[in-house]
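If you want the building blocks of each chain, they are given just below.
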Amino acid sequence: MALRIPKVIEKVAEEIRTRKIHGSTLAAIRAIEALLTALKELKVEGTDELIEAVKLYSRALFKARPTNIMLINFLRHIIRTAEQFRNTDPDELKLTLKHEISRLHIKVEESLERIKLIGSRRIPEKAVILTHSMSNTVYSIISRAVDEGKDVSVIVTESRPDFEGRLMASKLLRLNIPVTLTIDSAVRYFIKDIDLVLLGAEAVAANGAVVNKVGTSLVALAAYEARVRVYVAAGTYKFSPETMIGMPIRIEYRDPEVVLPEHERKAYGLEGIDIRTPIYDVTPPDYIDLLITERGVFPPQAAIIILRESYGWPQIGIEMAFEDL
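The rules behind each value
Residues numbered from 1 in each chain as written. Predicted model: local features only at pLDDT ≥ 70, side-chain atom pairs only at ≥ 80, totals over all residues. Heavy atoms only, no water. Helix = DSSP H or I, 4+ residues; strand = E, 2+ residues; numbered from the N terminus. Rg over C-alpha atoms; globule rule 2.2 N^0.38 Å. Areas by Shrake-Rupley, 256 points an atom, 1.4 Å probe, with all protein chains shown as cover. Expected span 1.5 Å × (residues − 1). Buried < 20%, exposed > 50% of the residue type's maximum accessible area, 1.4 Å probe, protein only. 1 Å grid on protein atoms, 1.4 Å probe; cavity = no way out; pocket = protein on both sides within 12 Å on 5 of 7 lines; lining within 4 Å. Points joined across faces, edges and corners; volume = space filled by probe spheres on them. Nonpolar A, V, L, I, M, F, W, Y, C, P; charged D, E, K, R; others polar. Pairing = 2+ DSSP bridges. Core = buried A, V, L, I, M, F, W, Y, C linked by side-chain atoms within 4.5 Å. Contact = heavy atoms within 4.5 Å. Phe/Tyr/Trp six-rings, centres within 6.5 Å; stacked < 30°, edge-to-face > 60°. Lys NZ or Arg CZ within 6 Å of the ring centre and 35° of its normal.

What to know about the overall build of the chain
Piece 1. Regarding its fold elements, the chain presents twelve helices and ten strands.
Piece 2. For a compact globule of 325 residues, the expected C-alpha radius of gyration is about 20 Å, and the chain comes in at 21 Å, within 12% of that figure.
Piece 3. For the chain, the C-alpha atoms occupy an extent of roughly 65 × 50 × 40 Å along the three principal directions.
Piece 4. In the form shown here, the chain has an accessible surface area of approximately 15,200 Å², with 51% of it arising from carbon and sulfur atoms.

Considerations on helix α3 (residues 47-64)
Piece 1. In a regular helix each residue adds 1.5 Å, so 18 residues correspond to 26 Å; α3 covers 26 Å between its end C-alpha atoms and thus fits that length.
Piece 2. Turning to α3, its buried residues are T47, E49, L50, I51, A53, V54, K55, Y57, S58, L61, F62 and A64.

Overview of the layout of surface pockets
Piece 1. The calculated volume of the largest pocket comes to roughly 330 Å³.
Piece 2. Lining the largest pocket we find 15 residues, and of these N73, H77, L104, K107 and Y311 sit closest to its centre.
Piece 3. Broken down by secondary-structure element, the contributors of at least two residues to the lining of the largest pocket are α4 (69-84), α5 (90-121) and α11 (303-311).
Piece 4. The element that contributes the greatest number of residues to the lining of the largest pocket is α4, accounting for seven residues.
Piece 5. Taken together, the residues of the lining of the largest pocket sort by class into four nonpolar, six polar and five charged.
Piece 6. Roughly 230 Å³ of internal volume is contained in the second largest pocket.

Examining the sheet that holds strand β6 (residues 210-213)
Piece 1. Here we have three strands laid out as an open sheet, ordered β5-β6-β8, and antiparallel in their pairing. The open sheet has two edge strands, β5 (203-204) and β8 (280-283), and neither has a second partner.
Piece 2. As judged from the four bridges shared by β6 and β8, these two strands associate in the antiparallel manner. Paired with K213 across the two strands is Y280, which belongs to β8.

Quick look at the nonpolar core
Piece 1. Counting 46 residues, the largest nonpolar core has L39, Y57, L61, F74 and I78 as its most contacted members.
Piece 2. Elements that contribute at least two residues to this core include exactly α1 (7-17), α2 (24-41), α3, α4 and α5.
Piece 3. Those residues in contact with I78 that sit more than four places away from it in its chain are I32, L35, V54, L97, I101 and L104.
Piece 4. Counting 26 residues, the second-largest nonpolar core is a separate cluster that includes A145, L172, I177 and I292.

Quick notes on the packing of aromatic side chains
Piece 1. Here the structure, examined in full by the defined rule, presents three aromatic pairs.
Piece 2. Ring geometry for F74 and Y237: centres 6.1 Å apart, planes at 55 degrees, overall tilted. Of the two residues, F74 is situated in helix α4 and Y237 in the loop between β7 (229-233) and α10 (262-267); the sequence distance between them amounts to 163 residues.
Piece 3. Ring centres 5.1 Å apart and planes at 90 degrees place the aromatic pair Y189 and F190 in the edge-to-face group.
Piece 4. With relative accessibility at 57%, the residue Y189 sits in the exposed group.
Piece 5. Exposure remark for F190: the relative accessible area of 21% places this residue in the partly exposed category.
Piece 6. Sitting over the face of the ring of F163, R166 holds its NZ or CZ atom 3.9 Å from the ring centroid.
Piece 7. We note K171 situated over the ring of Y139; from NZ or CZ to the ring centre the distance is 4.4 Å.

Nothing here speaks to function; it is all geometry.
In structure tokens:
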């Protein structure tokens, strides 16, 4: 029987690709939930066919946001689990995968609770915080700090071209705290008023570099020059094991229409112009003071230690697992 991508996978993959689902953590959770739903409804003749379906569906979800290392790590784990139980019958394997996906979900919730607690401790009793783009993890830390009675105000960048900062500002306003929304290029103007920068991450490399929404590196650079602390909140499931063996984290590009629609190009006489719209950039570890994880706080240079503890060393078979997607 020829396998096809089910509608639930197509729908979630499209929502992730078009940024209707904001935040790398939420995108990864929605992806594995869609995978579980698709597998429940799938009828197969044997375990081999079920494993092929797991790989096919995972590949479709991965392609929706290949920079999301949390998503890659989760899909890799699910594929490896399926391969490990290849000798079981399909129903038993489905049950095993259901348990593993549920376990991943619980792990994320527990990690987020730890990061909220640890992160809020790094916020002073009175603080002006700058953040960039939409991060549910950053929001959770600020929310916890407010619940603890801390006097917090936040400056949020718009985060072009998708303007996720507007969504972040909207969520923060519900905490009944002062929130200022500004354009990305005004960061250096406001940096003198900031006590700390708090950022999320799409991925963390073995050398401590952070991949996040484009503009993050400029925010971190402005803070570095002004001697303002920069904290990055990210669960260790966002650390990329591929980078231990020199494999780069893929940087996605958005459709040029997001920046300059075709009718505007014609209006300005810009037909044929090359428009490049990277969604993420890479912030060097030198511009980051601390990584806030569920295991505690670390200098970014300690990322390689965390990766070795999590995935072992030397790395064996990581290229194959990566190529599976």
